[in-house]
There are 2 protein chains.
Amino acid sequence: MKNITILGAGLVGSLLASLLARRGHQVQLIEKRPDLRIKNWEDGRSINLAMSERGWQAMRAVGVEEQVKKFAIPMYGRMIHDTKGNLAFQPYGKDNQCIYAVSRSLLNQTLMNEAERHGVQLVFEHKCTSIDLQKNTLEITRITPNKAESEEKSTLQPDLIFGSDGAFSAVRSAMMKRPLFNYSQDYIEHGYKELTIPPTADGNWAIEPNALHIWPRGHFMLIALPNPDKTFTCTLFFPWTGNPSFEQLQTKQQILHFFEETFSDILPLMPDLTEEFFSNPTSALLTVRCFPWTYKDKVALIGDAAHAIVPFFGQGMNCGFEDCVVLDEIIDQYNNDWNTILSVYEKSRKSNADAIAELALQNFVEMRDKVADPRFLLRKKIDAHLNQLFPDQWIPLYTMISFTTIPYFDALEVGKQHDAILDKIMEIEGIEDKWQTIDYQSLLGAD
Amino acid sequence: MKNITILGAGLVGSLLASLLARRGHQVQLIEKRPDLRIKNWEDGRSINLAMSERGWQAMRAVGVEEQVKKFAIPMYGRMIHDTKGNLAFQPYGKDNQCIYAVSRSLLNQTLMNEAERHGVQLVFEHKCTSIDLQKNTLEITRITPNKAESEEKSTLQPDLIFGSDGAFSAVRSAMMKRPLFNYSQDYIEHGYKELTIPPTADGNWAIEPNALHIWPRGHFMLIALPNPDKTFTCTLFFPWTGNPSFEQLQTKQQILHFFEETFSDILPLMPDLTEEFFSNPTSALLTVRCFPWTYKDKVALIGDAAHAIVPFFGQGMNCGFEDCVVLDEIIDQYNNDWNTILSVYEKSRKSNADAIAELALQNFVEMRDKVADPRFLLRKKIDAHLNQLFPDQWIPLYTMISFTTIPYFDALEVGKQHDAILDKIMEIEGIEDKWQTIDYQSLLGAD
């Protein structure tokens, strides 16, 4: 049995800790923030979570599916808000397929409790201040609110280190100093800011709770996801500079005027808009790609530390959870041969992480722009129609990603083939009138 | 007049220092290595330099062209060595166009002397240990051979900082910590090792000095460039792992056997092969891309610090020199408005740096593989033939890059158009027999 240190007790680190501890390993989970179960981390930078099939698969693996379902809110599709306040509902799948809005805080607490139940030692308010990959040592420093206090440092030398310490991973920084480590960080031109829709005066949801709301506005968008307390967390994805941009919204009046013109239906539902706009941070969005993810049989990156992605497919958490589930399956196969386990793990996950990174970037354009385009909606209808006609052969991309565990890479490839076929179908003259009566069988067969 | 600190007294930093100092700025050039003019830096990791038109343009700008020409050795083309030792010469251009093998050390010394002549203060054996972009301060520490000595630190606060500190730039590391800084480092699967061909017993060049020698071997290659002391510096570009690879060449016998089989004609010319193979380092090759290159009117990256590229087009130094020349022209245009100067500089150079990075990667495949392919050689002949027929409209890519100052980006774009046309020409049946008699006029006109 191994002595394992996991850095970062976020969602992925907490799940991984359970999976490893229940195999009998000695697992220590180190987190720089305080215990979430005592002091909340929320800081206006959560981006709401949407749990889909890959996430649920992980919840089932550690037996917390039912617990999580209790605070999960099903969302059956996108609710599109146009500039005049008109609504249009676009279902995500068929037969009431849905994704779930989940509270990051409640989910993380559930996973921490589960880790503790399996004997994981949780160490809060300690950060990793240096890592020596060769010696496999970590220097851990206690974070003291009072800087004048002398620093308490200790050195750990576990058999195995996992970096589940997020997009700005300290473990990855240590690996980056080695030669032949490929790395990229790419920011998009949009930042994001969180805002809130409170419950109505009589304590109800202010808008439909069982949908993911989108205000698509071409180059930017606002979205809203429901919370169990009947608030909605809204996120404005918006350019940093240019016209319009965060840079241009500096005064109360500018903000109100902009929302009035652009999001007229939501403005009356946000009494604290300007206060929140000023007090909540504006945060950046980036994609991180790197390789290798592991060092010998000693160190491995997992979750955002290995592959931070933009949030537009709602797959960041789901992908990180899938990392853990796949790793767990690989451990089953190569019992205790950690050289092989880590090597198979990184090979198996890298192409999938790259695929979902690409899809997440593409989906931003879909959400902010295409969902408001009648031609795109027709295309979506044909996509769904083909799935009805050929349920085993034609699975829409969104369905593959959100409602199956088909590897992301395979889904991306199949999605490209579908796109080429749909391009052709959309070129058929008068397609808008006859899309339900076309002989798709021969059309697909001929391709 | 500005107080300017340049970090890194390599080729680009030394040139930049001259250009800025002669405008009357106070320039301090800081270098962590000792003074090259007293203690040589050479460490078996130079990769020989090939100066082409962009480099000469820079030499003319500071008036050292004639000085440099004295130790520059013209190379009029590629000399291809096949496995049997047969030679084939491929000229680089027409009318004796050539690139020049240049000693890094002599060139750098020339540029340092020139900088000093313009009043630049050169500070050696000092490294930058921290940078505060907001305050525009640098902490500089003297490097002492005896670690026990107390460290001498000083803090500088110049008006302007230039990072010409290479592929692993400290200035860039400081910029990388800021949000919205895009960055990538991509290693290729090949490392490199330098080897030497000494002069013959009677003190002559062992092989043709006025050519760049290539031993193309498909997935790897050896090259050789002449030095003024009648030695050749050879560089083996070779995979790190796999078959064959550096990993597999561990013993004297393995090395000798491999060279005998692969580079039979050169083996007798390398009496110190195995000693050098063991004692010289194996180094990695990477491409670094980033953006932005500047911070306000305070900080700018230049040369490899902004855009490290692989060496296969011989343009790393030439591109860095061009950065300086272009910056100098922009300074002329926007006299002392450093906000505008730096902003125009980074916009103007970024797309060109990306283009030459791509071309450098492509040229590796050309050098190690294609130059040995008769179809490719025919294509090159047609390319040159088209240039003869239409000297103003058709300039081969290699010529645009090496013998003109056409922006790299434009050259890349034109090169792609040429490639599409050459693809079509090469498909013409019997092209090998009739390439000199085709009606290219109508062929190009019709395209």
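All figures in this text were calculated on a predicted structure; none of them were measured in a lab. (Residues numbered from 1 in each chain as written. Chains lettered and ligands numbered in written order. Predicted model: local features only at pLDDT ≥ 70, side-chain atom pairs only at ≥ 80, totals over all residues. Heavy atoms only, no water.)

1. Side note on the overall build of chain A
(1) Moving on: Helices and strands together make up the secondary structure of chain A, namely 15 helices and 19 strands.
(2) Moving on: Whereas a compact globule of 447 residues would reach a radius of gyration of roughly 22 Å, chain A reaches 23 Å, a difference of no more than 12%.
(3) Moving on: Overall size of chain A, expressed as C-alpha extent along the three principal axes, is 70 × 60 × 40 Å.
(4) Moving on: For chain A, the proportion of its 447 residues judged to be buried stands at 54%. (Helix = DSSP H or I, 4+ residues; strand = E, 2+ residues; numbered from the N terminus. Rg over C-alpha atoms; globule rule 2.2 N^0.38 Å. Buried < 20%, exposed > 50% of the residue type's maximum accessible area, 1.4 Å probe, protein only.)

2. Side note on the environment of Leu19 of chain A
Residue and element names in this part refer to chain A.
(1) Moving on: Among the structural elements, Leu19 can be located in helix α1 (residues 11-21).
(2) Moving on: Considered as a pair, Leu19 and Ala61 are 42 residues apart in the sequence and their alpha carbons are 8.2 Å apart.
(3) Moving on: With residues up to four places along the chain from it excluded, the contact list for Leu19 reads Ala61, Val62, Cys324, Val325 and Asp328. (Contact = heavy atoms within 4.5 Å.)

3. Brief notes about the sheet that holds strand β7 (residues 99-102) of chain A
Strand-to-strand pairing in sheets goes through backbone hydrogen bonds, with the strands running parallel or antiparallel.
Residues and elements named next belong to chain A.
(1) Moving on: Pairing in this open sheet of three strands is antiparallel, and the strands run β3-β7-β4 from one edge to the other. The two strands at the open ends of the sheet, each matched to only one other strand, are β3 (49-51) and β4 (73-75). Adjacent strand axes in the sheet meet at a mean angle of 40° when their direction is disregarded.
(2) Moving on: In this structure, β3 lies alongside β7, joined through three bridges in antiparallel fashion. By the bridge assignment, Leu49 is partnered in β7 with Val102. (Pairing = 2+ DSSP bridges. Axes fitted to C-alpha atoms, helices over the stretch in contact; angles between N-to-C directions.)

4. A few points about the domain arrangement of chain A
Residue and element names in this part refer to chain A.
(1) Moving on: When its domains are assigned, chain A resolves into domain 1 (3-74 + 103-184 + 287-362), domain 2 (187-284) and domain 3 (373-446).
(2) Moving on: Its C-alpha centre places domain 1 at a distance of 36 Å from the equivalent point of domain 3.
(3) Moving on: Of the residues lining the interface, 16 residues belong to domain 1; the matching set on domain 3 comes to 14 residues.
(4) Moving on: For the pair domain 1 and domain 3, the summed buried surface comes to about 1200 Å²; carbon and sulfur atoms form 65% of the total.
(5) Moving on: Put simply, domain 1 and domain 3 have zero salt bridges between them.
(6) Moving on: Put simply, domain 1 and domain 3 have eight residue pairs in polar contact (both at pLDDT 80 or more) between them.
(7) Moving on: No other element matches the seven residues that helix α10 (residues 338-368) contributes to the side of domain 1 that touches domain 3.
(8) Moving on: Its residues placed into classes, the side of domain 1 that touches domain 3 shows five nonpolar, six polar and five charged. (Domains from an automatic or database assignment. Buried area = accessible area lost by both parts, 1.4 Å probe. Salt bridge = Lys/Arg side-chain N within 4 Å of Asp/Glu carboxyl O. Polar contact = N/O pair within 3.5 Å; in protein donor to acceptor, adjacent residues only side chain to side chain. Nonpolar A, V, L, I, M, F, W, Y, C, P; charged D, E, K, R; others polar.)

5. Describing the pattern of salt bridges
(1) Moving on: Applying the stated criterion across every chain yields a total of 48 salt bridges over all chains.
(2) Moving on: Where Lys350 of chain A meets Asp354 of chain A, a salt bridge forms, and the shortest distance between an N and an O atom there is 3.1 Å. Taken together, the residues span about one helical turn, with Lys350 of chain A and Asp354 of chain A both in helix α10 at a distance of four residues.
(3) Moving on: Looking at Lys350 of chain A, the relative accessible area reads 17%, which means it is buried.
(4) Moving on: For Arg22 of chain B, the salt bridge goes to Asp328 of chain B, with nearest N and O atoms at 3.5 Å. Of this pair, Arg22 of chain B sits in the loop between α1 (11-21) and β2 (26-30) while Asp328 of chain B sits in helix α9 (residues 316-333); the two residues are 306 residues apart in sequence, bridging distant segments of the chain.
(5) Moving on: Its relative accessible area of 12% is what places Asp328 of chain B among the buried residues.
(6) Moving on: What emerges from the salt-bridge pattern is a single network uniting Arg22, Arg23, Asp328 and Asp332 of chain A.

6. Thoughts on the relation of the copies chain A and chain B
(1) Moving on: Rotating chain A by 180° and translating it 0.0 Å along the rotation axis places it on chain B, where the RMSD comes to 0.0 Å. What we have between these two chains is a two-fold relation. Taking C-alpha positions as the reference, the residue of chain A nearest the rotation axis is Ser184 of chain A, at 2.0 Å.
(2) Moving on: A symmetric contact is evident, with 93% of the interface residues of chain A recurring at the interface of chain B. (Least-squares fit on C-alpha atoms with pLDDT ≥ 70 in both.)

7. Notes on the interface of chain A and chain B
(1) Moving on: Counting from both sides, the interface comprises 14 residues of chain A and, opposite them, 13 residues of chain B.
(2) Moving on: Buried area between chain A and chain B, both sides added, is near 1100 Å², and the carbon and sulfur share of it is 56%.
(3) Moving on: When residues of chain A are sorted by the area they lose upon contact with chain B, Leu180, Gln185 and Tyr187 of chain A head the list and together hold 48% of the total.
(4) Moving on: Where chain A packs against chain B, one counts zero salt bridges.
(5) Moving on: Where chain A packs against chain B, one counts six residue pairs in polar contact (both at pLDDT 80 or more).
(6) Moving on: The element contributing the most residues to the side of chain A that touches chain B is strand β13 (residues 182-197) of chain A, with seven residues.
(7) Moving on: In terms of residue class, the side of chain A that touches chain B is built from nine nonpolar, three polar and two charged.
(8) Moving on: Sheet topology note: the β13 of chain A/strand β13 (residues 182-197) of chain B ladder contains three bridges and is antiparallel.

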